[in-house]
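Spelled out, the chains give:
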Amino acid sequence: MTPTVLLPLRHYLNDGYGVKSWLLTRDHKRIALLYLAAVTFFFFVGGAFAVVIRLELATPAGDLVSDETYNKLFTMHGVMMVFFFLIPVIPSVLGNFLVPIMIGAKDLAFPKLNLFSWYIYMLGGLFTLYALVAGGVDTGWTFYAPFSTVSSTTNVIPTALGIFITGFSSILTGLNFIVTIHRMRAPGLTWFRLPLFIWSTYATSLINVLGTPVIAITVLLVAAERLFHFGFFDPTVGGDPVLFQHLFWFYSHPAVYIMVLPAMGVISELVAAGCRKPVFGYHFVAFASLAIAVLGFLVWGHHMFVAGESVYAAMIFSILSFLVAIPSAVKVFNWTATMYKGAVSWETPMLYAYGFIGLFTIGGLTGLFLATIAVDVHVTDTYFVIAHFHYIMVGGTIMGYLGGLHFWWPKISGRLYNEALAKVSAFIIFIGFNLTFFPQFVLGYLGMPRRYHAYPPDFQVLNVLSSAGASILGVGYLIPMVYLMWSLRYGPLAGANPWGAAGLEWTTTSPPPTENFAETPVVDSEPYQYPARVEEYFG
Amino acid sequence: MADHAGAHPAAEHPAALAHQFDDLEQQKEASTLGMWVFLVTEVLFFGGMFVTYAVYRNAYPGAFAAGSRELDVMLGGINTAVLITSSLTMALAVHAAQTGNRRALVWLLVATMALGGVFLGIKSVEYYHKLVEHHIPGPGFRFAEAEYLKHAQIFFSLYFMMTGLHALHMIIGIGLMLFMLRWAWNGTITTEYYAPIEISGLYWHFVDIVWIFLFPLLYLIGRHV
Amino acid sequence: MARLEPSDLPGDMTDHIVPTRVYYTIFALLMLGTALTVAIAYIDLGVLNIVAALTIAVTKATLVVLFFMHVRYSTRLTWAVVIGSVFWLAILLALTMGDYLTRSWQVYGSV
């Protein structure tokens, strides 16, 4: 009854074999897979540090590792996860794969630059791995001066250079996306006919281009101060360490929007496809992406409420931080409204989408608590902050990434993964995640400071819950590795559009041909055109 | 069946056209926008140092003025004139490319590079002066006005960092011009395909603009004392 | 052909060849500005010295951007990119200096 699904004869995966055809490729889809392999590697490196951290924190005494080693553990966990996983993952994997296809183009504007970006990412990663192997860094991923510039005896410079180099990968990818989206859309594809994933990717690219250069110069200043005894943040010559924090957070706050905006773009796509409805308030969601990108640059001082910035500056940053929550809330409302009276489905991508909406809301609301100066004075630098950002970055970004990976896996690989195993993993991840991080809100509120590996025995129960949750979460992340790899060889063939979803990517074969489309598509309708009557799409 | 998507007859498929673009027009627009977006990143990159400069000049005006007086206004002024002239030769080079004047294009590119070289030469002389006067920050730093001994180090740290990174960008610019020179010489640049010259020019002018700000901010503080 | 028409093609620098006398004029103005900024530096104008220096520098930079970099003849998108970059730098500068300049302000009344 169901027509036999065939693999296309020619597609991007069999268009050339051998290591050279991959390492010298200019095909954005192959480059996306190069990134996929790389970010997955760095994710597990960063995750390994998390395992040791949670193991240490299962007991109140700091007995598993020394103080110095613990400092290195949380530093390397942060550096790996932030700079080598969270910031690049969705733009470089899903973005690289999907942007040209979603706009009906043959490739990005600058394919060679795209490959170069991957090599730069790997080079930066190599520098940081060297620092790791050479004994690690102990400054915290935030590299605060003057510890990082004067007192730390660890491998600050290789790590700083690694971040500097990898930063260029973000900058060049962002540049590539901006030019591509402006100049290479298919005929008829006006801005307001673009999928919301493209809007989010565009907004993210703006942040990449505007913010990353500032951290680039900041880490260079840190390296120069260490290497040449230049005085920029050194109090002994009149420098101000808080200036480092201004420059650092000017990038690092928008960086968190680099991490979450692409995930929001994914969720828009998943919700539309999973509910067979256009996203409610498309224009509002599109503008909200831009608003998040712009407002995100105005709030960095909320990381410095107790660092010594002026009270008046603090108040301005606090108010602006409240404002930036509004476009995020608009998106959450609009996704929810999309689900209302939609043909809501329960496939794995949708499970991740629902998880995202709930967990991101919790993370976002707790961000408002932190934006309130009076509350922040008590919970800053405690586990409350850690729980807040993990809810957004893990409950948000990683859920969004996994949802997107599952949703587009059939397009990327031409195969279907095992849905039962995938659903089980999604549940394990959800439970493991909440068990790991919810107790941390309580711990932080009760006063447990971050970056300490010894704590009063009263906090042990909550810490043990958190560590137990982490082990469950770890299992949850490992299972998809297994069934996704398995599906590459043994999964059933997917066909062009297994989800029955709308979007240019579903009009081409799975996997797509190297040039993406047999003929350049012409767009003449709004996005997310689903039939009014709900159909059964799955046999 | 069509051999590959968007197949064009040879006449519409000039050698310079990359496969992801439909025509040279789109390619030129994309490349130009790409260079402009890159320049945005450079504005923010140098901008971080300008902000650092603003914070510390506001905090230590006396030390900054004293430090500035130790720089050579004549050499700095000459360098400013050199760079402005190189921007002129660069703009004229683009004009030559647009009008198909290959000889002029080649000479103007050479002139631009030569002026860049002069700039770097003068900069090296200045750096040497700073070295022998012990104005390099760190343990070996010496300063005549003792009350500024600490804060003047911030001034000179900024001086070296800002002019150093600027010089590095200059060197990259000269390297870029070498490529352009090669393409101008071997006929790759035509009246149809001169975008690389234009785009390299954008980069070069940007580096000039950075110096337009660096010169007064570093060399011309406290001169009226 | 198979490309969305940019709404900003007229006035695009694709076809516009700037006459060389414009370049020479701008060059002269830039040299003049340089001489001016050096001369003014040797006159004590108090706080106006920095204002004058920056005004001249911004004017020179604007001339380079508009004429040497052809922004005068470019698309609205290019204008948006140029203005955006300056605006973003202004955000970094303004909010950072805002902290430093208000550090000494009292919170309530006098102490």
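These numbers were taken from a predicted model, which means no experiment stands behind them.

K.L.:
For this particular structure, what's the right way to read the overall build of chain C?
P.N.:
A count of helices and strands for chain C gives 3 helices and 0 strands. In sequence order, the secondary structure elements of chain C are arranged as α-α-α. The buried share among the 111 residues of chain C stands at 49%. By sequence separation, contacts in chain C at least 24 residues apart represent 62% of the contacts at least 6 residues apart. Total accessible area on chain C is roughly 6,100 Å²; 72% of this is exposed by carbon and sulfur atoms.

K.L.:
Help me understand the overall build of chain B in this model?
P.N.:
Per the secondary structure count, chain B includes 6 helices and 0 strands. Each helix (α) and strand (β) of chain B, taken in turn from the N terminus, gives the series α-α-α-α-α-α. For chain B, the C-alpha radius of gyration of 22 Å lies well beyond 17 Å, the compact-globule estimate for 225 residues. Overall, chain B is about 80 × 35 × 30 Å in size when its C-alpha atoms are taken along their principal axes. Here chain B holds 225 residues, and 62% of them are scored as buried. In chain B, 79% of the contacts between residues at least 6 apart in sequence involve partners at least 24 apart. Accessible surface for chain B amounts to roughly 8,300 Å². Of this, 67% is attributable to carbon and sulfur atoms. Each charge class in chain B can be summarised by its mean position, and for the 11 positive and 16 negative side chains these summaries are 15 Å apart.

K.L.:
What exactly am I supposed to notice about the environment of Tyr159(B) here?
P.N.:
All names here are of chain B. Following the sequence through the fold, Tyr 159 ends up in helix α5 (residues 151-185). Judged by relative accessible area, which is 0%, Tyr 159 ranks as buried. Sequence separation of Tyr 159 and Gly 48 is 111 residues, and the distance between their C-alpha atoms is 14 Å. Not counting the four nearest positions on each side in its chain, Tyr 159 is found in contact with Leu 71, Lys 123, Glu 126, Tyr 127, Lys 130, Gly 164, Leu 218 and Tyr 219. Here Lys 123 takes part through its side chain, which lies 3.1 Å from a polar atom of the side chain of Tyr 159.

K.L.:
Where do I start with the packing of helix α3 (residues 73-98) of chain B against helix α4 (residues 102-132) of chain B in this structure?
P.N.:
Residue and element names in this part refer to chain B. Running from N to C, α3 and α4 cross one another at 165 degrees; their axes reach a closest spacing of 8 Å. The pairing of α3 with α4 is recorded here as roughly antiparallel in orientation. Seen along the crossing, α3 lies across α4 with a hand that is left-handed.

K.L.:
What should I look at first to understand the interface of chain C and chain B in this one?
P.N.:
Interfaces are often sized by the amount of accessible area the parts lose when they come together. Taken together, the contacts link 51 residues of chain C with 50 residues of chain B. Carbon and sulfur atoms make up 77% of the surface buried where chain C meets chain B, a total of about 4,400 Å² over both sides. At the boundary of chain C with chain B, the tally comes to 4 residue pairs in polar contact (both at pLDDT 80 or more). At 13 residues, helix α3 (residues 76-102) of chain C tops the list of elements feeding residues into the side of chain C that touches chain B. When its residues are assigned to classes, the side of chain C that touches chain B shows 37 nonpolar, 10 polar and 4 charged.

K.L.:
In this structure, what is going on with a nonpolar patch on the surface? I would like to understand it.
P.N.:
Residue and element names in this part refer to chain C. Taken together, the side chains of Ile 43, Leu 45, Val 47, Leu 48 and Val 51 make up a nonpolar region of the molecular surface, amounting to roughly 450 Å² of accessible area. Along the chain, the position of Leu 48 falls in helix α2 (residues 48-68). Given the relative accessible area of 49%, Leu 48 is considered partly exposed.

K.L.:
Got a minute to help me understand the pattern of salt bridges in this structure?
P.N.:
Close approach of charged atoms allows side chains of opposite charge to pair. Summed over all chains, the structure comprises 13 salt bridges over all chains. When the shortest N-O distance is used, the salt bridge between Arg193(A) and Glu526(A) registers 3.5 Å. Placement of the pair is Arg193(A) in the loop between α7 (156-183) and α8 (196-228) and Glu526(A) in the segment after α16 (460-490), with a sequence separation of 333 residues. By relative accessible area, which is 42% here, Glu526(A) ends up partly exposed. A single network of salt bridges, built from pairs that share partners, joins Asp240(A), Asp99(C) and Arg103(C).

K.L.:
Looking at this structure, I do not really get the packing of aromatic side chains. What am I missing?
P.N.:
In this description, a pair of aromatic rings is defined by centroid distance and the angle of the planes. Residues and elements named next belong to chain A. Summed over the entire model, instances satisfying the criterion amount to 69 aromatic pairs over all chains. Consider the rings of Phe 433 and Phe 437, whose centres lie 5.2 Å apart with planes at 45 degrees: the pair is tilted. Taken together, the positions of Phe 433 and Phe 437, both in helix α15 (residues 419-446) and 4 residues apart, correspond to about one turn of that helix. For the pair shown, Phe 433 and Phe 437 are each scored as buried.

K.L.:
It is not clear to me how the interface of chain C and chain A should be interpreted in this structure. Could you clarify?
P.N.:
At the junction of the two partners, chain C supplies 19 residues and chain A supplies 26 residues. Summed over both sides, the interface of chain C with chain A buries roughly 2,000 Å², with 70% coming from carbon and sulfur. Asp240(A) is the partner of Arg103(C) in a salt bridge, and the nearest nitrogen-oxygen pair spans 3.5 Å. Between chain C and chain A we count 7 residue pairs in polar contact (both at pLDDT 80 or more) in total. Taken together, the residues that form the side of chain C that touches chain A break down as 11 nonpolar, 4 polar and 4 charged.

K.L.:
Help me understand the confidence of the model for chain B, please; the structure alone is not making it clear to me.
P.N.:
Keep in mind that low pLDDT regions are not for reading the predicted coordinates in detail. Confidence in the prediction of chain B, expressed as mean pLDDT, is 92, and 94% of residues score 70 or more. For residues 1-11 of chain B, every residue scores under 50 in pLDDT, and the model assigns this stretch 7 contacts once sequence neighbours within four places are set aside.

K.L.:
I would appreciate a short explanation of the nonpolar core in the present structure.
P.N.:
Nonpolar side chains in soluble globular proteins tend to be buried together. Counting residues in hydrophobic clusters, the biggest one holds 302 residues, and the most contacted among them are Phe83(A), Phe356(A), Tyr401(A) and Leu109(B). When residues of this core are assigned to their parent elements, the largest contribution, 23 residues, is made by helix α9 (residues 241-275) of chain A. When we break this core down by domain, the ones giving at least three residues each are domain 1 (18-69) and domain 2 (75-103) of chain C. Apart from residues lying up to four places away in sequence, Phe83(A) is in contact with Gly78(A), Pro88(A), Trp141(A), Ile163(A), Thr166(A), Ile215(A) and Tyr251(A).

K.L.:
Just checking my understanding: could you explain the domain arrangement of chain C for this structure?
P.N.:
When cut into domains, chain C gives domain 1 (18-69) and domain 2 (75-103). The C-alpha centroid of domain 2 of chain C is placed 21 Å from the C-alpha centroid of domain 1 of chain C.

K.L.:
What should I look at first to understand the environment of Ala307(A) in this one?
P.N.:
All names here are of chain A. Along the chain, Ala 307 falls in the loop between α10 (282-295) and α11 (311-339). Separated by 66 residues in sequence, Ala 307 and Pro 241 have C-alpha atoms that sit 9.5 Å apart. Look past the residues within four positions of Ala 307 in its chain and what remains in contact with it is Val 242 and Gln 245.

K.L.:
Even after reading the chapter, I still don't get the packing of helix α3 (residues 67-86) of chain A against α7(A), so can you show me in this structure?
P.N.:
When two helices pack together, you describe them by how their axes are tilted relative to each other and by the distance separating the axes. Residues and elements named next belong to chain A. Where α3 meets α7, the axes come as close as 10 Å, and the angle between the chain directions of the two elements is 15 degrees. Classified by the angle between their axes, α3 and α7 sit roughly parallel to one another. By crossing handedness, the relation of α3 to α7 is classed as left-handed. Of α7, the residues touching α3 (which contributes Val 79, Phe 83 and Phe 84) are Thr 159, Gly 162, Ile 163 and Thr 166. Here the residues of the contact of α3 with α7 sort into 4 nonpolar, 3 polar and no charged.

K.L.:
Got a minute to help me understand the confidence of the model for chain C in this structure?
P.N.:
All names here are of chain C. Across chain C, pLDDT averages 85, with 81% of residues at or above 70. Residue range residues 1-13 is modelled with pLDDT below 50. Its contacts to residues more than four positions away, or to other chains, number 41 contacts. Predicted complex, confidence summary: ipTM 0.92, pTM 0.94.

K.L.:
Would you mind going over unusual backbone geometry with me for this structure?
P.N.:
Keep in mind that most residues, glycine aside, have a negative phi and that most peptide bonds are trans. Omega for the peptide link from Ala145(A) to Pro146(A) comes to -5 degrees, which places this bond in the cis form. Tracing the backbone through its elements, the reader meets Pro146(A) in the loop between α5 (111-133) and α6 (147-151). The omega torsion of the bond from Ser510(A) to Pro511(A) falls at -10 degrees, within 30 degrees of zero and hence cis. Although it is not a glycine, Tyr528(A) adopts a positive phi angle of roughly 60 degrees. By secondary structure assignment, the location of Tyr528(A) is in the segment after α16. Its relative accessible area of 5% is what places Tyr528(A) among the buried residues. The phi torsion at His70(C) lies on the positive side, around 65 degrees, for a residue other than glycine. On the secondary structure map, His70(C) appears in the loop between α2 and α3.

Rules used throughout
- Residues numbered from 1 in each chain as written.
- Chains lettered and ligands numbered in written order.
- Predicted model: local features only at pLDDT ≥ 70, side-chain atom pairs only at ≥ 80, totals over all residues.
- Heavy atoms only, no water.
- Helix = DSSP H or I, 4+ residues; strand = E, 2+ residues; numbered from the N terminus.
- Buried < 20%, exposed > 50% of the residue type's maximum accessible area, 1.4 Å probe, protein only.
- Contact = heavy atoms within 4.5 Å.
- Areas by Shrake-Rupley, 256 points an atom, 1.4 Å probe, with all protein chains shown as cover.
- Rg over C-alpha atoms; globule rule 2.2 N^0.38 Å.
- Lys, Arg positive; Asp, Glu negative; His and termini not counted.
- Charge placed at Lys NZ, Arg CZ, Asp CG, Glu CD.
- Polar contact = N/O pair within 3.5 Å; in protein donor to acceptor, adjacent residues only side chain to side chain.
- Axes fitted to C-alpha atoms, helices over the stretch in contact; angles between N-to-C directions.
- Parallel < 35°, antiparallel > 145°, perpendicular 65-115°, else oblique.
- Left-handed = near helix turned anticlockwise from the far one by under 90°.
- Buried area = accessible area lost by both parts, 1.4 Å probe.
- Nonpolar A, V, L, I, M, F, W, Y, C, P; charged D, E, K, R; others polar.
- Patch = residues over 30% accessible without salt bridge, like charges linked within 9 Å, V, L, I, M, F, W, Y side chains within 5 Å.
- Salt bridge = Lys/Arg side-chain N within 4 Å of Asp/Glu carboxyl O.
- Phe/Tyr/Trp six-rings, centres within 6.5 Å; stacked < 30°, edge-to-face > 60°.
- pLDDT = per-residue confidence, 0-100.
- Core = buried A, V, L, I, M, F, W, Y, C linked by side-chain atoms within 4.5 Å.
- Domains from an automatic or database assignment.

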